[in-house]
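Chain by chain, the residues:
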Amino acid sequence: MASKAPKNDIDESRITTGKPKTKAVGLPAVLNSLKISIDQMGPLRSAQTLLAVNQVKGFDCMGCAWPEGDKRHTAEFCENGAKAVAEEATRRTVPPEFFAEHSISDLMSHDEYWLGQQGRLTHPMLLDAGATHYRPVGWDEAYSVIVEELAALDSPDEAVFYTSGRTSNEAAFLYQLMVRGIGTNNLPDCSNMCHESSGSALVETLGIGKGTVSLHDVDTAPLIIVAGQNPGTNHPRMLTSLEKAKKNGGAIVAINPLPEAGLLRFENPQNPMGLLGTRFGGGTSLADDFLQIRLGGDQALFRGLGKHLLEQEEATGTVFDHAFIAKHTLGLEDYLESLRSTSWDEIIEASGISKAEITKVGDRMIASPGTIVCWAMGLTQHKHSVATLRDVVNVLLLQGNVGKPGAGVCPVRGHSNVQGDRTMGIFERMPAAFHDALDQRFRFSSPRRHGFDTVGAIRSMRDGGAKVFMAMGGNFVRATPDSNVTDQALRNTRLTVQVSTKLNRSHLITGRRAVILPALGRTDRDTQAGGDQRVTVEDSMSAVHASTGRLKPASTEMRSEIEIVCQLADRLFARTDSPYTENAPQLDWIAAQADYRVIREHISAVVPGFDDFEAKIDRPGGFVLPNGPRDSRTFTTTTGKANFTANELQYPKVPEGRLLLQTLRSHDQYNTTIYGKDDRYRGIHGGRRVVLVHADDLADAGLADGDSVHLVSEWADGVERRAENFRAVAYPTPRGCAAAYYPETNVLVPLDSTADISGTPTSKSVILRLEKAGEKAADEAAEEALVPAG
């Protein structure tokens, strides 16, 4: 029986609110997973598919990048993983007839939830210049349109090639090779908007832009600090590791502006007591301490932790790891001077945390033989994010908490294989050594000038520079900041190309012409001339393993991302009428398409750590890439040591009568994909247009819980950015702070408001005023009435 897509958009007038939950997962998560899976896939397909998720001979979940252990459960997935799988393995389809029925204008009237729920794209589609509807085309015509537009460019840098984290290692490697063969490094990716600040800070201080811990380290850590992260919604399988750490005697400190159910109590659905729930003695209390920090105050908090460690070191001489510091680090004295020159009053003001709370966590660090700090977007999407993360590293280095068991840095990636894509070369500023290896292997000259990151790409399209935009997955126009500016930037181009599995708004905000290429997903069987194929992915802890889809594709017109790249590259480089043949990478693209082992052989020759690639992924669980800080306390920084840094203390200064807004996910979404209408852990049901504000801040603004408000962001450029008709919800946030869901509020994030050094949009630092719905119109009408006629 075919699954039916919803007929209507979310009716925001039906929102109801209740108390936030104080526990996560348990039986409700299991029931919700089953409901969505059966609704999208049916009972038999659900069982076949879900039992293959994250299994050794199955496929890697297309959700978060949390790793799997050596011993795997039969059901090795979380609630949001089940939702992601159901969305991809759905029986719903979007065939050419759908596009004949729905014009672009009609589709634009629907919300993200309705668009995404329609099903899998089944056929390549072309939107001609001036057309009102997409029309079906053959693959040859689709490729010809792309080649035609690329060939017409005055410079390769007039093309932008975006990548989503879903893309496999093999597809990403060939994609970046094709792009560099064209002659540009314009390779923005979703990491530019998420963990770019992490990479910037970690490369400078530790010499590697990745975490330095293993799953075993987390399971056995004596102390875990989870800062700016909500694992209950964004990385639910992480809760199992936190539970293991607690049962092994570890302590957990949660640092977040919002009290999140997943860090308070975890009811593990993998065991009977977890399913029975707290009422029957099940579940595990996770956070030993919860520090409700002000938005943007994390640097001050970690400065306070460092200051407390210094004061106790000066009193006892036993806190610092002097042997580690002397042998492996540089810059200590400048950092210590920054601690001495920062007052406790400033730390308390900036963080919103009392000195007693900070010193209590500091005492936990002093007593602990090892500390891990985990973080996500709450730390990476501020103007001073890189400085914040440098100070996180500083605190860990004081006690030698890098390169020893149960200790280190753990940036938790939010999308499966976003880390692997970077390893494969999806980056606008790859190091010279990568280019050298690429050139040697493929006998061409790759471009060395830096390309555009995501914000740079939008600016270029906005200003008429970039004229062709291609996206390998994702929903670019809704993942990016300053929605109105981004939309217009895409409309300025000659051609937009979307390699996609599902319908989204990026198919509707187009260039003069637009192409949709329907791609296979992780769950789909990928059969090429050489037989059934497998791909590989890299998780948050640098483990690389195989992923093999089993489901029959919903259409014979779907193509793998690898096939799409190979076919396009063959037309660009192997045909005499192409302008890109002169400096083309020397690769038999059709042979690479036929057998993905060919691609892995090339990867092993270019990317360090991938030697004997094929044999390594034959092993259950794959293999772990080398990691100097973790494996041998080797730091390939510019100094050859781990670097302490002295950073100016920064935090957002919010004008009187304004709030600081963070954009975030609901529980029923993954990035820009909206699975449902609820955020049950936060007590929100039936809608998404809510803004969470402290009750006293609402009262100060003359508002009450339930009022309809418009959100207006204020920034230095003086441009008024508005998101209208939100329900104000009194919520236990810190005073002066607010929260609302993206992508609805991405319109409020200024394009040019970015993190220093990393260029990440400041989606957790939006200065906001609340305007009661109807007030502005009434004021304007009153003013107009006072103007004399004539």
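Above this note sits the structure.
So, here is what we can say about the structure in this document. All figures in this text were calculated on a predicted structure; none of them were measured in a lab.

Each value, and the rule that gives it
- Residues numbered from 1 in each chain as written.
- Predicted model: local features only at pLDDT ≥ 70, side-chain atom pairs only at ≥ 80, totals over all residues.
- Heavy atoms only, no water.
- Helix = DSSP H or I, 4+ residues; strand = E, 2+ residues; numbered from the N terminus.
- Rg over C-alpha atoms; globule rule 2.2 N^0.38 Å.
- Buried < 20%, exposed > 50% of the residue type's maximum accessible area, 1.4 Å probe, protein only.
- Contact = heavy atoms within 4.5 Å.
- Phe/Tyr/Trp six-rings, centres within 6.5 Å; stacked < 30°, edge-to-face > 60°.
- Lys NZ or Arg CZ within 6 Å of the ring centre and 35° of its normal.
- Pairing = 2+ DSSP bridges.

**Looking at the overall build of the protein chain**
Point 1. For the protein chain, the count of helices and strands is 33 helices and 33 strands.
Point 2. The C-alpha radius of gyration of the protein chain comes to 26 Å, within 12% of the 28 Å expected for a compact globule of 790 residues.
Point 3. Along the first, second and third principal axes, the C-alpha atoms of the protein chain reach 80 × 75 × 55 Å.
Point 4. Out of the 790 residues in the protein chain, the part that is buried amounts to 64%.
Point 5. In the protein chain, the share of contacts with a sequence separation of at least 24, taken over all contacts with a separation of at least 6, comes to 79%.

**Quick word on the packing of aromatic side chains**
Point 1. Under the counting rule described, the total for this entry stands at 13 aromatic pairs.
Point 2. Ring geometry for Phe-99 and Tyr-134: centres 5.4 Å apart, planes at 65 degrees, overall edge-to-face. Here Tyr-134 lies in the loop between strand 5 (125-127) and strand 6 (135-136) and Phe-99 lies in helix 4 (residues 96-101), a separation of 35 residues in the sequence.
Point 3. The class of Phe-99 is buried, set by a relative accessible area of 1%.
Point 4. An aromatic cluster of three or more residues is present, and its members are Phe-98, Phe-99, Trp-114 and Tyr-134.
Point 5. Here the guanidinium or amino end of Lys-616 rests over the ring plane of Phe-623, the centre of that ring lying 4.9 Å away.
Point 6. The positively charged end of Lys-653 is found above the aromatic ring belonging to Tyr-651, 3.9 Å away from the centroid.

**Quick notes on the pairing of strand 29 (residues 690-693)**
Point 1. Residues Val-690 and Leu-692 of strand 29 are buried on one face, and the alternating residues Val-691 and Val-693, pointing to the opposite face, are buried as well.
Point 2. Here strand 29 pairs with strand 31 (residues 721-730) via four bridges, running parallel. Note on strand 31: the bridge partner recorded for Leu-692 is Val-729.
Point 3. Judged from the three bridges that link them, strand 29 and strand 32 (residues 737-741) form a sheet pairing that is antiparallel. Residue pairing for strand 32: Val-693 is matched across the bridge by Ala-738.

**So, the environment of Val-535**
Point 1. Along the chain, Val-535 turns up in strand 21 (residues 535-538).
Point 2. When the C-alpha atoms of Val-535 and Pro-481 are compared, they prove to be 32 Å apart, with 54 residues separating the residues in sequence.
Point 3. Those residues in contact with Val-535 that lie beyond four places of it in its chain are Ser-168, Glu-170, His-545, Ala-546, Ser-547, Ile-562, Tyr-596 and Arg-600.

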